[in-house]
Amino acid sequence: MSLKARIVALIEAQGPMSVAQFMTIALLDPKDGYYATRDPFGAGGDFITAPEVSQMFGEMLGLWLLQAWADQGCPKSPRLVELGPGRGTLMANALRAASVEPDFTNDLEVVLVEASPVLQAMQAEKLRGCGADVSWQAQFDDSLSDRPLFLVANEFFDALPVRQYVRSERGWHERMVTTLDGELNFALAPVPVPLPIIPASREGAPLGGVYETSPAALALAENIAGIIAQRGGAALIVDYGYDAITGFAETLQAVGGHRFVDALDTPGEDDLSAHVDFMALAQAGKRGGAAVFGPVTQGALLASIGITERAEQLMNAHPESAADLLAATERLIGAQQMGTLFKAVAFAPPSVTGFAGFGA
Ligand code: SAH
């Protein structure tokens, strides 16, 4: 039975499901979910992420984390966690760059949080022989709360499930996935949700306006911030998204084979994601007790921590690759490319007053 047929059967048995539940099943169903069954990255896959564009991305983030560790007095037994490591490329490049300071890397426990067994295996292959003590878990949980936490996440939060609410004359109704003639279909829940679910900033929404939120993302960000506030460490979260109060549109999107497709058509075959609300993420970090820096654009962050200098260094060492290096740098920081659509936010313990790349 296809994943779509199983979702149809589930809805017919139990009633409509939230957009968040649909996203979770489509992405992570152990048998047929998008991430559970494939390697979606790179030129042959559905999309290319920054670590796959150039080794420089992981190197710069690795050096940023190393600097954050040094600035906090080189705490003992640090833990380096990556959320959703994909092919493991970012971590491999970050560890290599950070190994200029063996006191950091020798003492480091690396934990990769990855739900997909296929991608876990790919990450293990990539990191074989990296010298670090690496382990995996499917979820971020309390076992990661007992040491200084250095955390990085690139294009992870956009994969976390969102819930959507649509304004009507009677209030706000959750947008659900239901069935119509055996096909999947969006429909609004008939009963409006209790008002406290909707933030005051949405009060002026027009009829039909959408409020989209990811409770999973906000709870996770608050949890991470709380650990960093207590134990020390730093988090660097990079993703595509918005850094101002948004309009009233939804941002859920489905991509298959480098093109936009209908989110309900072929669940499990397409990547589903939603823009990350960086202002909400920053607020969640503050609720968790952390000092929050940013959001800044990916272009500004990478430029200010020295990606251009790193590109020059690599060009001198490999003149034959100069054109590729220039193109990759432009792709990562250029305003028309990933430089402004992608943003970064950082969390630190309350005593920290600034971070490289965040206007400090
Ligand atoms: N960071 C990588 C991959 C981004 S894609 C890169 O930049 O190339 C999203 C990653 O998060 C994948 O590895 C996917 O399997 C993982 N993932 C998505 N949702 C997850 C969840 N809820 N729990 C754990 N891992 C998840």
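Now for a look at the structure at hand.

What counts and what doesn't
- Residues numbered from 1 in each chain as written.
- Predicted model: local features only at pLDDT ≥ 70, side-chain atom pairs only at ≥ 80, totals over all residues.
- Heavy atoms only, no water.
- Pairing = 2+ DSSP bridges.
- Helix = DSSP H or I, 4+ residues; strand = E, 2+ residues; numbered from the N terminus.
- Axes fitted to C-alpha atoms, helices over the stretch in contact; angles between N-to-C directions.
- Core = buried A, V, L, I, M, F, W, Y, C linked by side-chain atoms within 4.5 Å.
- Buried < 20%, exposed > 50% of the residue type's maximum accessible area, 1.4 Å probe, protein only.
- Contact = heavy atoms within 4.5 Å.
- Near = heavy atom within 4 Å.
- Polar contact = N/O pair within 3.5 Å; in protein donor to acceptor, adjacent residues only side chain to side chain.
- Areas by Shrake-Rupley, 256 points an atom, 1.4 Å probe, with all protein chains shown as cover.
- Nonpolar A, V, L, I, M, F, W, Y, C, P; charged D, E, K, R; others polar.
- Parallel < 35°, antiparallel > 145°, perpendicular 65-115°, else oblique.
- Left-handed = near helix turned anticlockwise from the far one by under 90°.

What follows is about the sheet that holds strand β12 (residues 259-261). Spatial ordering of the open sheet is given by β12-β11-β13, a layout of three strands whose pairing is antiparallel. At either end of the open sheet lies a strand with only one pairing partner, and these are β12 and β13 (271-273). For this sheet the average axis-to-axis angle between neighbouring strands, irrespective of direction, equals 40 degrees. Of the strand pairs in this sheet, strand β11 (residues 253-256) and β13 are connected by three bridges, and their pairing is antiparallel. Bridge pairing in β13 links V255 to D271.

Ranked by internal contacts, the top residues of the largest apolar core, which has 51 residues, are W64, L236, F355 and F358. With nine residues, helix α5 (residues 55-71) is the single largest residue contributor to this core. In contact with L236, other than residues within four places in its own chain, are L61, W64, L151, V152, A153, L301, A344, V345, A346 and F358. Judged by nonpolar contacts, the second largest core, of 32 residues, contains A217, A225, I227 and L281.

Attention now moves to the site of the ligand. The local shell around the ligand holds 19 residues, among which T49, G84, G86, E114 and N154 are the closest. At 2.5 Å, a side-chain N or O of T49 approaches an oxygen atom of the ligand. Here an oxygen atom of the ligand and a side-chain polar atom of E114 are 2.5 Å apart. Compared with its free state, where it exposes 570 Å², the ligand has 94% of that area covered by protein. Split by residue class, the shell around the ligand holds eleven nonpolar, five polar and three charged.

This part covers the side chain of S116. With respect to the helices and strands, S116 occurs in the loop between β3 (109-113) and α8 (117-127). Judged by relative accessible area, which is 1%, S116 ranks as buried. Among the polar contacts listed, one links the side chain of S116 to the backbone nitrogen of V118, at a separation of 3.3 Å.

Here the focus is the packing of α5 against helix α6 (residues 89-98). Between α5 and α6, whose axes approach to 7 Å, the crossing angle comes to 55 degrees. As far as their axial angle goes, α6 and α5 are oblique. Remark: the crossing between α5 and α6 carries right-handed chirality. Touching Q55, F57, G58, E59, L61, G62, L63 and L66 of α5 are L90, N93, A94, R96, A97 and A98, all from α6. Taken together, the residues that form the contact of α5 with α6 break down as eight nonpolar, four polar and two charged.

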